[in-house]
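# Overview (structure and organization)
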There are 2 protein chains.
Amino acid sequence: MPDPTAAIRYSLDHQDEALEDLKAFLRIASISTLPEHEKDIILAASWVAEKLKAMGFEQVAVIPTARHPVVYGEWLKAGKAAPTLLFYGHYDVQPVDPIDEWETEPFVPTVRGENLYARGASDMKGQVIAHLKAIEAFQKTSGLPVNIKCMIEGEEEIGSPSLEAFINANKERLKSDLCLNGDSGIIAPDRPSLVVALRGLTYHEIRLTGQRTDQHSGSFGGVIDNPAMVMAKLLAGMKDDQGRILLPGFYDDVRELSQHDREMLPELSDDWWKETAGAKVLFGEPGYSTTERAKARPTLDVNGILSGFTGEGSKTVLPARAMAKVSMRLVPDQTPARVRAQLVQYLESHVPETVTWQLIDHSHANPAVIDTQSAAVQAGVRAFEKVWGTTPVFDRVGGTVPVVDLLQKQLGVNTLMLGFGLPNDNIHGPNEKQHLPTYFKGIETAIHFFNEFAS
Amino acid sequence: MPDPTAAIRYSLDHQDEALEDLKAFLRIASISTLPEHEKDIILAASWVAEKLKAMGFEQVAVIPTARHPVVYGEWLKAGKAAPTLLFYGHYDVQPVDPIDEWETEPFVPTVRGENLYARGASDMKGQVIAHLKAIEAFQKTSGLPVNIKCMIEGEEEIGSPSLEAFINANKERLKSDLCLNGDSGIIAPDRPSLVVALRGLTYHEIRLTGQRTDQHSGSFGGVIDNPAMVMAKLLAGMKDDQGRILLPGFYDDVRELSQHDREMLPELSDDWWKETAGAKVLFGEPGYSTTERAKARPTLDVNGILSGFTGEGSKTVLPARAMAKVSMRLVPDQTPARVRAQLVQYLESHVPETVTWQLIDHSHANPAVIDTQSAAVQAGVRAFEKVWGTTPVFDRVGGTVPVVDLLQKQLGVNTLMLGFGLPNDNIHGPNEKQHLPTYFKGIETAIHFFNEFAS
């Protein structure tokens, strides 16, 4: 069995470098959804490629897709007997609005207390660098006991639209024994956990058009319908006042939670949820605990609405158009296609004749489940135990990582989620952070995982 | 009796000047609601003051208020026996968004066919210049038969918040026999009309706050409520599916239309309304004709909504906040204060405990009614007959001109609405225009009105 002692020693001695490398990566504003950040996307992809080359990876390439490139590189010197891991990460990040709520600039990484603040610090540049640092620690000491292929994409935050085609076109190159997916986290700095289920997603934009152009609300109020009001009524009708989703047939495919599913969920109090969400009051579907609702039940959320005049002061306008972004998180056995059809059916029967509607699809992913009995999960459990001194709990997360389902379906490759974000990292919101003690322990955990998985 | 022949001749000979002066005024982007246009507001006020001075007005002053100044000037050389008119206008304009729907720049006045396109062309820089040109035509020929005081404000498009205090502080200066208010229009180029009733207004902004910050919809969907969804439900509950307003007690103060009221409304077909609104389908309160709904029934409209991510593509955010602008048009005997209280009562009983709410008041005005038997209205009727060759109909308008009610209450001065906009001028929307043949006939009509009123 290989010995991780020297690698652990190396990682402890090089924490400064692990922090500086992460900061450099975080300075690149690689927001994938906004066209004006196209050049930052290319910059981030190149940065990752250069990093892999410097670490001795081979076949390093920035591979174009329909939208943002995938960075690939491989290090296969552990030999044919050693297992091959496909490390998955993404170099893109979420937008930064509302920008005025950030305490420091989102792309000027800043340490305050035990945390490093920047967009992408936790989701997931921090996790990418943590794994690379674990690899480097072995390379610089006793040698890496596993083969590694890296696939770092730039479209995760927009739902990985090009990844399916990329995986299909690169099946031979991506062949591996396990996907190690760093896009993950643990429950608390003192409560390690391993994710064993992810919700799916289907994300849409509804656009309504009423009259030809914005009109004066004094001249035409009472004469024609108001697309902003129609949108309000459509959205309001999608959920009842207790949080149950009213799309036709929405719960038909939802697999009920078994007693075992419920027992496997971590124990998280409502106070913990309130604190983590920054909310005074919790809300959701009756009959399920908050943790069940967050991790194992489907949801519907309005992600954005825009209509009419939204500047300062008043404008007596009757808007011609209204837009809303609506997404649903899915659980087994729902599929994005079926839920989209339910949404279309709802719109067909509820949109009044006073407006025309259009549905735009933004992203979709199936829900995913990971086998807790697998060698990979068991190696992960042991790795956490060695660093944290406690057994990690199995967790389901409410978020969606499209690649998990894609790799299983297309390559037959299972995934282990191994990342070190925290629930209060404000990912996707202002003041995103990475908790640095957890980050450094994460590097150690990844080192132990390589070792345990190779043994 | 004075003779308008020479003045009419002068106005016909100087139409080019009347167009060029209007264009110069329209080049100033005097948007009152946007702080970044403060300097344009000052520019527009100065432009008007200089124009009055050049025309021989005396006591010309740009008088500061709490927000935007009022331009005052007087020409009292018609003598004590002649009546004194207080001409009311405003030099401010509406914002220009959605900017990409303008065919030409909003502040680059452009003639296409019979129309002059620019923000403010119809509402109401065109009407201000039309009246000034009528005054000038008399000044340059037989002499103006009435005394004129001008009060041109800069806050009409934000609900005239400083005007009440201004009128109170200038009662002596503003003393007059009639207010001539140019902020008006006629039904069609071949259908002159005189406005004899205006709806009131109360305009509010509702702000909702849920959790502390925007959150990831995967992590917290199902855990906490969604302010965007709460806003949708609140707005949806303000009106039923047929367009009746559901605020508690909203219709209690609404005076039912008498048979006479109904007969006095102009005959406008539903096809005319569809064409004018640019809509395929009309919509509103059952039991009333479209014209009644537009001109003589109260309304509630959503003027704007904003929440969450509204950029291109997708962001899986659960918004922390939502904002909506909501305004109601009022009819006798409703008051803004009572309707505001109804809105507050609605919010108090409908906002769930999952969010906190805040109500911001933007503007308010009482509904106003004008006596059709007055000498002023009768002089207006004769003026239209002389230019158009047809008797104008009496019209009620859905819009709101706060000053009408203020002058009646504070100075006991009645108003005549005399303006030459058209219902399809796109005021408040993109591609606002003034129909030039109507504009030139408007100048003639104002000349005849001065003459008839002085006789």
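Every chain is numbered on its own, with residues counted from 1 as its sequence reads. Working convention: letters from A go to chains and numbers from 1 go to ligands, in the order in which they are written. This being a predicted model, a pLDDT of at least 70 is required before a residue's local features are given, and a value of 80 or more before pairs of side-chain atoms are given or counted; all residues contribute to the totals for chains, interfaces and linings.

### Brief notes about the overall build of chain A
- Counting secondary structure elements, chain A contains 15 helices and 18 strands.
- The reference for a compact globule is 2.2 Å times residues^0.38; the radius of gyration itself is calculated from the C-alpha atoms. Rg of the C-alpha trace for chain A: 23 Å, near the compact-globule value of 23 Å for 455 residues, within the 12% margin.
- Exposed residues have 12 or fewer other C-beta atoms within 10 Å of their own C-beta, buried residues have 20 or more, and residues in between are partly exposed; the C-beta atoms are placed from the backbone. When each of the 455 residues of chain A is scored for burial, the buried share is 58%. Helix and strand definitions follow DSSP, with helices as H or I runs of at least four residues and strands as E runs of at least two, each counted in order from the N terminus.

### A few points about the nonpolar core
- Note on terminology: a nonpolar core is any set of buried Ala, Val, Leu, Ile, Met, Phe, Trp, Tyr and Cys residues joined through C-beta atoms within 7 Å. Core analysis: the largest hydrophobic core is formed by 88 residues, its most contacted members being Leu 86, Ile 447 and Phe 450 of chain A.
- Any residue pair is listed as a contact if its two C-beta atoms, each placed from the backbone, are within 7 Å. Other than its neighbours up to four places away in sequence, Ile 447 of chain A contacts Pro 4, Ala 7, Ile 8, Ser 11, Ala 134, Ala 137 and Phe 138 of chain A.
- Ile 31, Ile 167, Leu 180 and Phe 449 of chain B belong to the second largest nonpolar core, which has 87 residues in total.

### A look at the sheet that holds strand β13 (residues 321–330) of chain B
- Paired strands, in this sense, are two strands between which DSSP finds at least two bridges. Judged by pairing direction, the sheet is antiparallel, and its 8 strands sit side by side in the order β14(A)-β9(A)-β13(A)-β11(A)-β11(B)-β13(B)-β9(B)-β14(B) without closing on themselves. The open sheet has two edge strands, β14 (356–365) of chain A together with β14 (356–365) of chain B, and neither has a second partner. Here the strands of the sheet are splayed against their neighbours by 20° on average, with no regard to which way each runs.
- By the bridge criterion, 8 bridges tie strand β11 (residues 299–308) of chain B to β13 of chain B in an arrangement that is antiparallel. Residue Leu 306 of chain B lies in a different strand from β13 of chain B, and its bridge partner there is Met 323 of chain B.
- All axes are obtained by fitting lines to C-alpha atoms, using only the stretch in contact for helices, and the reported angles, taken between N-to-C directions, cover 0 to 180 degrees. The strands touched by helix α8 (residues 227–236) of chain A are β9 (200–209), β11 (299–308) and β13 (321–330) of chain A together with β11 of chain B; relative to β13 of chain A, the strand with the most contacts, the crossing angle is about 15°.

### Some details on the relation of the copies chain A and chain B
- Overlaying chain A on chain B yields an RMSD of 0.1 Å, the required transformation being a rotation through 180° with an accompanying axial translation of 0.0 Å. Such a combination of rotation and displacement between the chain copies is what one expects of a two-fold axis. Within chain A, the C-alpha atom positioned nearest to the axis of rotation is that of Ala 232 of chain A, 2.1 Å from it. Copies overlap after least-squares fitting; the atoms used are the C-alpha atoms of residues with pLDDT of at least 70 in both.

### Section: the sheet that holds strand β5 (residues 115–117) of chain A
Residue and element names in this part refer to chain A.
- With antiparallel pairing, 3 strands are arranged side by side in an open sheet as β4-β5-β18. Strands with a single pairing partner mark the edges of an open sheet, and in this sheet they are β4 (110–112) and β18 (433–435). Each strand axis lies, on average, 25° off the axis of its neighbour in the sheet, ignoring direction.
- As defined by bridge partners, β4 adjoins β5 across 3 bridges and the pair is classed as antiparallel. The residue bridging Arg 112 from the neighbouring strand is Asn 115, located in β5.
- Against the sheet, helix α15 (residues 436–454) touches β5 and β18, its axis set at about 65° to β18.

### As for the pairing of strand β6 (residues 147–153) of chain A
All names here are of chain A.
- Burial within β6 is extensive, with 7 of its 7 residues counted as buried.
- By the alternation rule, side chains of β6 split into Asn 147, Lys 149, Met 151 and Glu 153 and Ile 148, Cys 150 and Ile 152, which are all buried.
- Here strand β2 (residues 70–75) pairs with β6 via 5 bridges, running antiparallel. Bridging across to β6, Tyr 72 finds its partner in Met 151.

### Here we look at helix α13 (residues 375–388) of chain A
Residues and elements named next belong to chain A.
- How far a helix is expected to stretch is found by multiplying one less than its residue total by 1.5 Å. The end-to-end C-alpha distance of α13 is 20 Å, a good match for the 20 Å that 14 residues give at a rise of 1.5 Å each.
- Those residues of α13 that fall on the buried side of the exposure criterion are Ala 376, Val 377, Ala 379, Gly 380, Ala 383 and Phe 384. When α13 is viewed along its axis, its buried side chains cluster within an angular range of 160° and face the same direction.
- Looking at the buried positions of α13, the neighbouring elements they touch are β7 (178–181), β8 (193–198), β17 (415–417) and α15.
- Just beyond α13, the residue with positive phi is Gly 389, at close to 75°. Directions from the helix axis toward the C-beta atoms define the arc.

### Some remarks on the interface of chain A and chain B
- Facing 85 residues of chain A, the contacting portion of chain B comprises 84 residues.
- The leading source of residues in the side of chain A that touches chain B is β11 of chain A, at 9 residues.
- As paired elements, β11 of chain A and β11 of chain B share 5 bridges and run antiparallel to each other. For Ser 307 of chain A, the partnering residue across the bridge sits in β11 of chain B and is Ile 305 of chain B.

### What about the domain arrangement of chain A?
All names here are of chain A.
- As used throughout, domain bounds are those supplied by an automatic or database domain assignment. Along its sequence, chain A is carved into domain 1 (5–198 + 367–454) and domain 2 (201–254 + 298–364).
- The centre of domain 1, based on its C-alpha atoms, is set 35 Å off from the matching centre of domain 2.
- Listed by partner, the interface residues are 7 residues for domain 1 and 10 residues for domain 2.
- Amino acid classes used here: Ala, Val, Leu, Ile, Met, Phe, Trp, Tyr, Cys and Pro are nonpolar; Asp, Glu, Lys and Arg are charged; the rest, including Gly, are polar. Broken down by class, the residue content of the side of domain 1 that touches domain 2 amounts to 4 nonpolar, 3 polar and no charged.

### Brief notes about the pairing of strand β1 (residues 58–63) of chain A
All names here are of chain A.
- As paired strands, β1 and β2 are joined by 4 bridges and run antiparallel to one another. From the neighbouring strand, Glu 58 faces β2, where its bridge partner is Glu 74.
- With antiparallel pairing between neighbouring strands as the criterion, β1 and β2 make up a hairpin whose turn holds 6 residues.

### Describing the packing of α8 of chain A against helix α8 (residues 227–236) of chain B
- Relative to each other, α8 of chain A and α8 of chain B sit at 115°, their axes nearing to 8 Å. Note on packing geometry: the crossing formed by α8 of chain A with α8 of chain B is left-handed. Counting all contacts with α8 of chain A, which are made through Met 229, Ala 232, Lys 233, Leu 235 and Ala 236 of chain A, the residues of α8 of chain B involved are Met 229, Ala 232, Lys 233, Leu 235 and Ala 236 of chain B.
- Partitioning the contact of α8 of chain A with α8 of chain B into residue classes produces 8 nonpolar, no polar and 2 charged. Crossings are sorted by hand: turned counterclockwise from the far helix by less than a right angle, the near helix makes the crossing left-handed, and turned clockwise it makes it right-handed.

### As for unusual backbone geometry
- Between Asp 97 of chain A and the following residue, Pro 98 of chain A, the backbone shows a cis peptide bond with an omega angle of 0°.
- Among the secondary structure elements, Pro 98 of chain A is positioned in the loop between β3 (84–90) and β4.
- Even without glycine at this site, Ser 160 of chain A takes up a positive phi of about 50°.
- Among the structural elements, Ser 160 of chain A can be located in the loop between β6 and α5 (163–169).
- Phi angles above zero are rare outside glycine, and Gln 59 of chain B is one such case at about 55°.

### Some points on the packing of helix α4 (residues 125–139) of chain A against α15 of chain A
Residue and element names in this part refer to chain A.
- At a closest axis distance of 8 Å, the pairing of α4 and α15 adopts a crossing angle of 50°. As summarised for this structure, α4 and α15 are arranged oblique, according to the angle between their axes. As α4 packs across α15, the resulting crossing turns out to be right-handed. Contacts between α4 and α15 involve Gly 126, Ala 130, His 131, Lys 133, Ala 134, Ala 137 and Phe 138 from the first element and Tyr 439, Gly 442, Ile 443, Ala 446, Ile 447 and Phe 450 from the second.
- Taken together, the residues of the contact of α4 with α15 sort by class into 9 nonpolar, 3 polar and 1 charged. In these notes the angle categories are as follows: under 35 degrees is roughly parallel, over 145 is roughly antiparallel, 65 to 115 is roughly perpendicular, and the rest is oblique.

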